[in-house]
Amino acid sequence: VVDDNDDARAIITSYLESFTFKVSEAANGENAIEMILTEDRKEDPFELVFMDLKMPGMDGFEAVTRIGEEMSIKKRPKIVMVTSYGYDETLLRARDNRFLSDFLVKPVSQSRLFETIMGVLGHGRNKQHYKAEKGDTEQIRAILSGAHLLLAEDNEINQQIAKELLEQVGVRLTIVNHGKEAVDAAREGKFDGVLMDLQMPVMDGCEAAREIRKGPSPQDLPIIAMTANAMAGDREKCLAAGMNDHIAKPINPHNLYAVLVQWIRPAMPTAKPVASKVVSQTSDTLPSLPGLDAQAGLRNMGGDTKLYLSVLAKFVQNQKDSCRMMVDQLEVGDWSTLERTAHTLKGVAATIGATDLSDAARTIEQGAGSGMGRERIRTLIEQASGALDAILLVLDKALPKQTGPAMPEDDGITDMAALAPLLRRAAEFLHTFDPDVETVIEEMETLVKSGIDRERLGTLKKFLEAYDYEACLGVLCQWAADAGINLEKADE
């Protein structure tokens with residue numbers, strides 16, 4: 001940290017030390033250059049320098065130029081210019097200075113400092129300085145089309161929304177349900193980036209990120225946290241775990257795209273970006289939804305009315321028993337599961353625009369995690385239950401009634417010889433969590449004739465819709481075994 005002002009140095013140093021960095025200070029440019037040379041000879045070089053612009057004697061720009069061009073050192077640090085003159089003025093002066101990585105404008109806040117570090121030290125990944133503008137879908141698609149991302153997320157609604165929003169800009173998505181699956185998938189597959197939920201069963205997002213960074217995945221693989229608690233403490237945990245950036249939940253399409261264009265560079269970009277889905281940008285076709293902020297919910301879906309209605313139906317299916325489950329968890333004292341159930345309800349309620357229900361669930365989550373009294377939490381659950389029942393009543397009246405699937409008809413005998421290569425390809429894709437398995441399943445549909453085989457195919461599609469690749473693989477393997485097909489045999 002280089003600054004002639006003692007207080008300014010102390011503030012930035014205290015922030016950096018709270019992030020667990022090892023920090024040294026210099027009062028002017030000359031001292032900074034001497035310290036950089038000394039540490040480089042010790043083979044313990046500085047990785048990052050925060051350089052004040054206006055200092056007596058050698059100013060910040062002169063020091064940056066000396067470090068970048070004249071010094072004979074093995075490893076040059078990343079340099080962030082700190083200025084009180086405003087971003088535009090500094091940019092004009094720095095236009096031709098290729099040794100600067102970023103800028104900070106005084107007064108420096110802890111959160112802004114953290115975000116700058118995330119960008120500059122992003123595991124060797126240079127951020128593209130582009131600000132995604134609302135409605136600028138074509139430019140976003142031109143940057144992201146062809147990218148293959150891994151999404152680690154245990155909530156089915158968030159999985160569906162992410163999938164739809166990313167497909168709109170030409171991104172392929174592989175979805176796993178917890179951190180352990182994310183680690184396995186990252187080691188087996190080739191991805192351009194990872195979207196990592198923080199709170200998941202089996203293995204949480206931070207632990208998964210640390211495991212991925214141990215290899216053999218590329219060290220510059222962007223890992224972006226998704227968190228419903230975008231507090232400074234969570235950001236510090238993300239950085240310490242090796243993540244590059246974060247996206248707040250509920251997912252806002254504009255924010256999602258803005259972060260992705262900063263970090264994602266498709267290894268196999270699409271030569272001609274695929275056309276995006278036609279999305280209805282109006283809520284005129286929405287039914288009356290009293291008690292819901294439908295406009296907010298629709299914004300979270302990128303304006304896609306059909307997606308919003310689908311998510312509302314899934315909310316009913318997945319969350320209708322959540323308050324009863326929390327009562328049961330309270331009775332047996334399962335505080336961690338109670339906290340997770342409330343966390344999930346909080347997030348999905350905010351996503352659909354059920355603000356009051358989300359706030360009630362947030363209070364329960366906080367109480368379960370902080371040792372709040374049992375009776376107080378019981379009262380809170382009762383209040384949340386009333387809010388949930390009101391939402392369910394509205395959706396029961398507004399959404400079309402679901403009818404059960406018709407029994408598959410028998411239309412002849414399935415040609416298993418023709419189906420066998422597709423079963424093998426599907427198994428291969430499922431083993432590597434590759435979303436291209438959906439295309440193979442569609443191809444299989446034209447060959448499947450018998451009623452029992454159609455029922456199996458329907459089960460496969462059901463598990464795929466829930467992104468449960470392991471269950472889907474289990475059904476497929478049993479189907480192949482019953483048909484006498486060896487999935488290990490090469491296609492003829």
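Residue positions are given per chain, counted from 1 along the sequence in the order it is written. Given that the model is predicted, a residue must reach a pLDDT of at least 70 before its local features are reported, and side-chain atom pairs must reach 80 or more before they are shown or counted; all residues, however, enter totals for whole chains, interfaces and linings. The side-chain numbers reported here are obtained from all heavy atoms of the structure, hydrogens and water having been left aside.

Enquirer: Would you mind showing me how to read the overall build of the chain here?
Expert: A run of H or I in DSSP becomes a helix once it reaches four residues, and a run of E becomes a strand once it reaches two; helices and strands are each numbered from the N terminus. When you go through the chain residue by residue, the secondary structure sums to 21 helices and 8 strands. Only protein chains enter the accessibility calculation, which uses a 1.4 Å probe. A residue is then buried if its area is under 20% of the maximum for its type, exposed if over 50%, and partly exposed in between. Burial analysis of the chain (492 residues in total) assigns 48% to the buried set. Throughout, a contact is declared for two residues whenever any of their heavy atoms are within 4.5 Å. Contacts in the chain between residues at least 24 apart in sequence constitute 67% of all its contacts with a sequence separation of at least 6. For the chain, the computed accessible surface area is about 23,700 Å², with 50% contributed by carbon and sulfur atoms. Each accessible area is a Shrake-Rupley result for a 1.4 Å probe, and residues are judged covered by the shown protein chains and nothing else.

Enquirer: Just checking my understanding: could you explain the side chain of N300 for this structure?
Expert: By the element assignment, N300 lies in helix α12 (residues 294–300). Look at N300 and you get buried, because its relative accessible area is 10%. Reaching out from N300, the side chain makes a polar contact with the backbone oxygen of T351 at a distance of 3.0 Å. Discounting chain neighbours no more than four positions away, the residues touching N300 are I161, L165, P250, I251, P253, A350 and T351. Between N or O atoms, a polar contact is any pair within 3.5 Å; within protein, one atom must be a potential hydrogen donor and the other a potential acceptor, and residues adjacent in sequence are included only when both atoms are from side chains.

Enquirer: Is there a simple way to explain the environment of V120 in this structure?
Expert: For V120, the location among the structural elements is in helix α5 (residues 110–120). Distance from V120 to I79, taken between C-alpha atoms, is 8.6 Å for residues 41 residues apart in sequence. Excluding anything up to four places from it in sequence, V120 contacts L48, K78, V80, S101 and D102.

Enquirer: Help me understand the sheet that holds strand β8 (residues 245–248) in this model?
Expert: Think of a sheet as strands paired side by side through backbone hydrogen bonds, with each pair either parallel or antiparallel. Reading across from one edge, β5-β4-β6-β7-β8 is the order of the 5 strands in this open sheet, with parallel pairing throughout. Edge positions in the sheet fall to β5 (172–176) and β8, since each of these pairs with one other strand and no more. Between one strand and the next, the sheet's axes are offset by a mean angle of 25 degrees, whatever the strand orientation. Here strand β7 (residues 223–227) pairs with β8 via 4 bridges, running parallel. Residue pairing for β8: I224 is matched across the bridge by D245. Lying over the sheet, helix α9 (residues 205–213) contacts β6 (193–197) and β7, oriented at roughly 150 degrees with respect to β6. Strand pairing is defined by DSSP finding a minimum of two bridges between the two strands. Structural elements are reduced to axes, namely lines fitted to C-alpha atoms, with helices fitted over the stretch in contact, and the angle between N-to-C directions of any two is expressed from 0 to 180 degrees.

Enquirer: I would appreciate a short explanation of the pattern of salt bridges in the present structure.
Expert: Pairs can form between side chains of opposite charge whenever their charged atoms are close. One speaks of a salt bridge when a side-chain nitrogen belonging to Lys or Arg is within 4 Å of a carboxyl oxygen belonging to Asp or Glu. Counted by the stated rule, this structure contains 20 salt bridges. E438 is the partner of K163 in a salt bridge, and the nearest nitrogen-oxygen pair spans 4.0 Å. One end of the pair, K163, is in helix α7 (residues 156–167); the other, E438, is in helix α19 (residues 437–445), with 275 residues separating them in the sequence. Accessibility expressed as a relative area gives 26% for E438, which makes it partly exposed. Here E365 and K346 are joined by a salt bridge, their closest N and O atoms 2.8 Å apart. Here E365 is found in helix α16 (residues 355–370), whereas its partner K346 is found in helix α15 (residues 335–352), with 19 residues between them in sequence. A single burial state applies to E365 and to K346, both of which are buried. The structure contains a network of salt bridges with shared partners spanning D6, R9 and E25.

Enquirer: What's the story with the pairing of strand β2 (residues 78–83) in this structure? I'm lost.
Expert: The buried fraction of β2 is high, at 5 of 6 residues. When strand β1 (residues 48–52) meets β2, the two strands line up parallel, connected through 5 bridges. Paired with M51 across the two strands is M81, which belongs to β2. Relative to strand β3 (residues 102–105), β2 runs parallel, the two being bridged by 4 bridges. Bridge pairing in β3 places T83 opposite V105.

Enquirer: Is there a simple way to explain the sheet that holds β1 in this structure?
Expert: The 3 strands lie next to each other as β1-β2-β3, forming an open sheet whose pairing is parallel. Every interior strand has two partners, whereas the edge strands, β1 and β3, have only one. Mean inter-strand twist for the sheet, computed between neighbouring axes without regard to direction, equals 25 degrees.

Enquirer: Got a minute to help me understand the nonpolar core in this structure?
Expert: Across soluble globular proteins, nonpolar side chains have a tendency to be buried as a group. Of all hydrophobic cores here, the largest spans 64 residues; its most connected members are Y308 and F315. Per element, the largest residue contribution to this core is 10 residues, and it comes from helix α17 (residues 374–398). Discounting residues that sit within four places of it in the chain, Y308 has contacts with L286, L289, L292, D293, A294, G297, L298, M301 and I352. Note on terminology: a nonpolar core comprises buried Ala, Val, Leu, Ile, Met, Phe, Trp, Tyr and Cys residues joined through side-chain atoms within 4.5 Å.

Enquirer: What is the right way to read helix α2 (residues 29–41) from this model?
Expert: Helical geometry note: an α-helix holds 3.6 residues per turn, so side chains three or four residues apart project in the same direction. Across its 13 residues, α2 extends 19 Å between first and last C-alpha, which sits within 8% of the 18 Å expected from 1.5 Å per residue. Structurally, the start of α2 carries an N-cap: the backbone nitrogen of E30 is 3.2 Å from a side-chain oxygen of N28. Working rule for helices: expected span equals 1.5 Å times residues minus one.

Enquirer: Help me understand the packing of helix α18 (residues 416–431) against helix α21 (residues 469–482) in this model?
Expert: Think of two packed helices as two axes; the pair is described by the angle between the axes and how far apart they sit. Two elements in contact, α18 and α21, have axes separated by 10 Å at closest approach and are oriented at 155 degrees. In terms of axis orientation, α18 runs roughly antiparallel to α21. α21 is crossed by α18, and the crossing has left-handed handedness. Seen from α18, the contacting residues are M416, L419, L423, A426, A427, L430 and H431; seen from α21, they are Y469, C472, L473, L476 and W479. Here the term charged refers only to Asp, Glu, Lys and Arg, the term nonpolar to Ala, Val, Leu, Ile, Met, Phe, Trp, Tyr, Cys and Pro, and the term polar to all other amino acids, Gly among them. In terms of residue class, the contact of α18 with α21 is built from 11 nonpolar, 1 polar and no charged. Throughout this description, any angle smaller than 35 degrees is read as roughly parallel, any larger than 145 degrees as roughly antiparallel, any in the 65 to 115 degree range as roughly perpendicular, and the remainder as oblique. In this scheme, a crossing is called left-handed if the near helix is turned counterclockwise away from the far one by less than a right angle; it is called right-handed if the turn is clockwise.

By themselves, these are just geometric observations and shouldn't be taken as functional.
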